[in-house]
Amino acid sequence: MPDAITRPTPPATAAAWSRRDTHPVNIGGIWVGGGKPVVVQSMTNTDTADVASSVRQVADLWRAGSELVRLTVNNPESAAAIPRIREKLDMMGVPVPLIGDFHYNGHQLLAAEPACAQALSKYRINPGNVGFGRKKDLQFGQLIEFAIRYDKPVRIGANWGSLDQSLAAQLMDENSQRADPWDAGRVLREALIRSALDSAEKAVEIGLPRDRIVLSAKVSGVQELIAVYRDLAQRSQFALHLGLTEAGIGSKGIVASSAALAVLMQEGIGDTIRISLTPEPGQPRTQEVIVAQELLQTTGQRAFTPMVTACPGCGRTTSEFFQELAKVVQNHVRGKMPEWKISHPGAENMTLAVMGCVVNGPGESRHANIGISLPGTGEAPAAPVFVDGEKKLTLRGDNIAQEFVALIDEYVEANYSRVAS
Ligand code: SF4
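Residues numbered from 1 in each chain as written. Predicted model: local features only at pLDDT ≥ 70, side-chain atom pairs only at ≥ 80, totals over all residues. Heavy atoms only, no water.

As annotated in an unreviewed UniProt entry, the protein is 4-hydroxy-3-methylbut-2-en-1-yl diphosphate synthase (flavodoxin) from Pseudoxanthomonas dokdonensis. Turning to the protein, the UniProt record has this under Catalytic activity (unreviewed entry): "(2E)-4-hydroxy-3-methylbut-2-enyl diphosphate + oxidized [flavodoxin] + H2O + 2 H(+) = 2-C-methyl-D-erythritol 2,4-cyclic diphosphate + reduced [flavodoxin]". (UniProt positions renumbered as here; feature names shortened; annotations may be inferred.)

Here you go:
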């Protein structure tokens with residue numbers, strides 16, 4: 001008999017979730033670090049200079065639950081678009097803070113477009129792409145000066161794909177002098193970590209407070225990412241942005257990101273996350289937000305929307321009805337959550353179960369706030385419904401889906417209404 005998909009479960013020990021102590025960073029009103037709940041962020045893939053498309057996608061990402069949204073700012077047109085994007089979002093009632101992603105020419109763009117510098121809530125700086133040779137330190141310093149002048153935090157985001165080559169070469173040379181040299185992978189990991197940490201210390205020396213700095217050091221391999229962040233977390237108290245860079249497409253990207261981030265978060269490492277999924281053709285950009293939320297919710301870190309436990313199905317049920325019902329229920333609660341968030345706070349903690357037959361159905365349904373056990377092959381055509389562990393009624397006939405959804409709404413009204421509470 002296949003296992004049922006498990007619901008979010010409490011931690012084995014409270015210590016399992018204790019968060020690493022980091023400097024709290026205020027990003028346009030959203031707190032990252034300092035023990036605050038792990039923040040979900042995302043990034044657009046529109047041409048930032050296309051204001052209408054960018055506004056639409058930022059709003060979609062925010063409605064899906066992204067608490068911060070990053071846009072690339074790579075040329076004068078995109079820098080000029082940022083204040084217009086901000087203005088339109090404000091007019092639409094979309095307050096999500098915007099983060100500007102700068103590479104190579106950020107110092108020039110921020111100098112040329114003060115309104116962009118002001119409209120952004122954080123600047124992302126990649127220390128491997130700030131500039132080359134003697135210009136590197138100068139241009140990095142200019143970026144930090146802009147952050148100080150406009151009172152903005154920065155993310156110093158090192159990346160495996162754009163590692164500071166001069167630092168990597170220096171560490172390789174130093175390594176060759178060691179009596180017991182490290183392997184090349186360890187030296188490159190150290191270069192990535194040093195790139196982030198040394199740049200952060202430089203920013204502090206220039207005058208940026210520690211509570212305006214978030215660090216990241218992204219790689220594309222799961223084990224490397226875990227090793228890099230464990231090290232980074234031990235060596236500083238800066239707030240950390242977690243993400244597996246270039247995670248990939250479809251299930252591979254989801255599994256790889258979840259495998260790496262879940263391990264780190266279980267150790268209390270990570271203050272904000274992004275799932276860098278490559279969208280499948282036709283798939284909405286918002287999927288990366290849903291995956292991030294589900295990762296946080298299934299690991300018990302935060303609740304965003306009622307979770308639906310559904311069995312995988314097997315030869316005991318040839319009907320696809322329970323699969324369809326699970327989807328209807330999941331879509332219903334996800335669609336209602338923006339409204340419930342305001343009118344029925346706490347509804348996101350509700351648990352639901354949709355099960356395919358009598359074997360695990362009643363048991364699993366009793367564990368949920370509301371669960372339904374559908375009839376498997378050869379069973380009587382009746383679907384008992386359990387509410388808070390007690391069998392409440394039995395549904396029959398052609399309207400089971402509508403009636404079950406109505407019961408969910410009734411439960412929310414009775415248990416989470418602001419008036420009732
Ligand atoms: S149909 Fe029944 S036996 Fe099969 S997976 Fe679902 S609950 Fe388990």
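Caption draft 1: Fine view of the overall build of the protein. Within the protein, the regular secondary structure consists of 13 helices and 17 strands. In summary, the protein has a C-alpha radius of gyration of 24 Å against a globular reference of 22 Å for 421 residues, a match within 12%. Viewed in the frame of its principal axes, the protein has a C-alpha envelope of about 80 × 60 × 40 Å. Counting all 421 residues of the protein, 53% fall into the buried class. (Helix = DSSP H or I, 4+ residues; strand = E, 2+ residues; numbered from the N terminus. Rg over C-alpha atoms; globule rule 2.2 N^0.38 Å. Buried < 20%, exposed > 50% of the residue type's maximum accessible area, 1.4 Å probe, protein only.)

Caption draft 2: Spatial organisation of the nonpolar core. Counting residues in hydrophobic clusters, the biggest one holds 81 residues, and the most contacted among them are Y123, V154, I213, L215, Y229, L261 and I273. No other element matches helix α7 (residues 184-206), which puts 8 residues into this core. Listed in part, the 32 residues of the second largest apolar core include F322, M355, L407 and V412. (Core = buried A, V, L, I, M, F, W, Y, C linked by side-chain atoms within 4.5 Å.)

Caption draft 3: Quick peek at the UniProt feature "binding site: [4Fe-4S] cluster" (unreviewed entry) in the protein. Sequence positions flagged by UniProt for "binding site: [4Fe-4S] cluster" (unreviewed entry) are, in local numbering, C311, C314, C357 and E364. Relative to the assigned elements, C311 resides in the loop between β13 (307-310) and α11 (321-343). With relative accessibility at 17%, the residue C311 sits in the buried group. Tracing the backbone shows E364 in helix α12 (residues 361-367).

Caption draft 4: A look at the confidence of the model for the protein. For the protein, the average pLDDT comes to 92, and 95% of its residues sit at 70 or higher. This model gives residues 1-16 a pLDDT under 50, and the stretch forms 26 contacts once residues within four places in sequence are excluded. (pLDDT = per-residue confidence, 0-100. Contact = heavy atoms within 4.5 Å.)

Caption draft 5: The arrangement of the pattern of salt bridges in detail. Per the counting criterion, the structure on display carries 18 salt bridges. Here E67 ties to R302 by a salt bridge, and the two come within 2.9 Å at their closest N and O atoms. Pair noted here: E67 is in the loop between α1 (51-64) and β4 (68-72) and R302 is in the loop between α10 (287-298) and β13, with a separation of 235 residues, a long-range link. A salt bridge links R235 to E190; its shortest N-O distance comes to 2.9 Å. Of the two residues, R235 sits in helix α8 (residues 222-235) while E190 sits in helix α7, which places them 45 residues apart along the sequence. Since its relative accessible area comes to 35%, R235 is described here as partly exposed. A cluster of three or more residues bridged by salt bridges with shared partners is formed by R70, D101 and R124. (Salt bridge = Lys/Arg side-chain N within 4 Å of Asp/Glu carboxyl O.)

Caption draft 6: Fine view of unusual backbone geometry. Despite not being glycine, E246 shows a phi value in the positive range, around 45°. Topologically, E246 is positioned in the loop between β9 (239-242) and β10 (248-249). Residue classification places E246 among the exposed positions, given a relative accessible area of 56%. Even without being glycine, D388 reaches a positive phi, approximately 45°. Note on D388: relative accessible area 42%, which makes it partly exposed.

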